[in-house]
Amino acid sequence: MTAEKNTTIPADLPEEMPRAGNWFTQGIGLLIVKLLGWRFDGNFPPEKKLMVALAPHTSNWDFVVAMPFIMALKLKASWMMKKEAFFFPFKGLFMALGGIPTDRGAAGGLAKDMASQFKQNEKMWVAITPEGTRKKAHKWKNGFLRIAYAADVPVLLVAWDFPTKRICVDSLYHPTGDLEADMQEIQRRFSKYRGRNPENQTDFNHAA
């Protein structure tokens, strides 16, 4: 299928982007995206390694919308789960779907553990929702920034915007190392988007 600008997937996808899937899964993803009536807005950067911050996360529908886009893009989006969950017969499935077993008790903590994972992979985009919950979060979790610092990777900001039915690649953010300033700037950039349940979105005026 031919990619359509701002409709299904970008016409030009960077070679640096980690890929997964095949023509069949891509076709299924494209079909679901069209049936849902959503579109893609923006372009991916030519980066081999990224933290991908997804927001605003206010509903289970977020992943119903996101998954067909991931399939249509043939994107390998990695995600974190505690290592204890990777047991037979689910380990192989979780790994194939991009799961990364993490050890929160590792020396140096999760950030150091993930930095090691980044170092071991030629290409790796790790997706995370900073709110950490679909319910109203009064404060975002800063783990994604700590991982970005430790792994020395930028953060790609990707938003769900339900009023316009768009998945938006907002911008590529290069963290400064100032945790508070970085979080405030990232939240500012996300503030123009609206989730399915906007009443569950974080009030950034009280999210210090």
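None of these values were measured; they are calculated from a predicted model.

**A look at the overall build of the chain**
Item 1. A count of helical and extended segments in the chain gives six helices and seven strands.
Item 2. Shown N-terminal to C-terminal, the secondary structure of the chain runs as helices and strands in the order α-β-β-α-β-α-β-α-β-α-β-β-α.
Item 3. Burial statistics for the chain: of 208 residues in total, 43% are counted as buried.
Item 4. Excluding contacts between residues fewer than 6 apart, the proportion of contacts in the chain whose partners are at least 24 apart in sequence is 72%.
Item 5. Counting only carbon and sulfur atoms, one obtains 54% of the accessible surface of the chain, whose full area is about 11,200 Å².

**Topic: the pattern of salt bridges**
Item 1. Inspection of the entire model under this criterion finds six salt bridges.
Item 2. Lysine 48 is paired through a salt bridge with glutamate 122; the nearest N and O atoms lie 3.7 Å apart. Of this pair, lysine 48 sits in the loop between strand 1 (39-41) and strand 2 (49-55) while glutamate 122 sits in the loop between helix 4 (109-120) and strand 5 (124-128), and the two are 74 residues apart along the sequence.
Item 3. According to the relative accessible area criterion, lysine 48 is partly exposed, its value standing at 38%.
Item 4. Look at the salt bridges and you will find they share partners, linking Asp41, Asp161 and Arg166 into a network.

**Here's the deal with the packing of aromatic side chains**
Within a pair of aromatic rings, the relevant descriptors are the distance that separates the centres and the angle that separates the planes.
Item 1. All told, the structure shown has seven aromatic pairs when counted by the stated rule.
Item 2. Grouped by ring-pair contacts, the aromatic residues Phe40, Phe44, Phe69 and Trp125 constitute a single cluster.

**Quick look at the side chain of aspartate 182**
Item 1. The topology assignment puts aspartate 182 in helix 6 (residues 179-190).
Item 2. In this structure, aspartate 182 is buried with no salt-bridge partner, the nearest side chain bearing the opposite charge being arginine 189 at 8.5 Å.
Item 3. Among the polar contacts listed, one links the side chain of aspartate 182 to the side chain of threonine 176, at a separation of 2.9 Å.
Item 4. A polar contact of 3.2 Å, which involves the side chain of aspartate 182, links it to the backbone nitrogen of glycine 177.
Item 5. Apart from residues no more than four positions distant in its own chain, aspartate 182 is found in contact with Leu145, Tyr149, Tyr173, Pro175, Thr176 and Gly177.

**A few points about unusual backbone geometry**
Item 1. Following alanine 55, the chain continues to proline 56 via a peptide bond in cis, the omega torsion being -10°.
Item 2. Following the sequence through the fold, proline 56 ends up in the loop between strand 2 and helix 2 (61-73).
Item 3. Phi is positive for lysine 74, close to 55°, though the residue is something other than glycine.
Item 4. Take lysine 74: it is sitting in the loop between helix 2 and strand 3 (77-82).

**What about the environment of threonine 25?**
Item 1. As for its position among the elements, threonine 25 is in helix 1 (residues 23-36).
Item 2. Its relative accessible area of 25% is what places threonine 25 among the partly exposed residues.
Item 3. Considering only alpha carbons, one finds threonine 25 and proline 68, 43 residues apart in sequence, at a separation of 8.9 Å.
Item 4. Looking at threonine 25, its side chain comes within polar contact range of the main-chain nitrogen of asparagine 22, at 2.9 Å.

**Re the nonpolar core**
Item 1. Of all hydrophobic cores here, the largest spans 27 residues; its most connected members are Met51, Phe118, Val126, Phe144, Val155, Ile186 and Phe190.
Item 2. Going through the elements one at a time, strand 2, helix 4, strand 5, helix 5 (143-151), strand 6 (155-161), strand 7 (166-173) and helix 6 are the ones with two or more residues in this core.
Item 3. The element that contributes the greatest number of residues to this core is helix 5, accounting for five residues.
Item 4. Apart from the residues lying within four places of it in its own chain, the contact partners of isoleucine 186 are Trp140, Phe144, Leu145, Leu157 and Tyr173.

Criteria and thresholds
- Residues numbered from 1 in each chain as written.
- Predicted model: local features only at pLDDT ≥ 70, side-chain atom pairs only at ≥ 80, totals over all residues.
- Heavy atoms only, no water.
- Helix = DSSP H or I, 4+ residues; strand = E, 2+ residues; numbered from the N terminus.
- Buried < 20%, exposed > 50% of the residue type's maximum accessible area, 1.4 Å probe, protein only.
- Contact = heavy atoms within 4.5 Å.
- Areas by Shrake-Rupley, 256 points an atom, 1.4 Å probe, with all protein chains shown as cover.
- Salt bridge = Lys/Arg side-chain N within 4 Å of Asp/Glu carboxyl O.
- Phe/Tyr/Trp six-rings, centres within 6.5 Å; stacked < 30°, edge-to-face > 60°.
- Lys, Arg positive; Asp, Glu negative; His and termini not counted.
- Polar contact = N/O pair within 3.5 Å; in protein donor to acceptor, adjacent residues only side chain to side chain.
- Core = buried A, V, L, I, M, F, W, Y, C linked by side-chain atoms within 4.5 Å.

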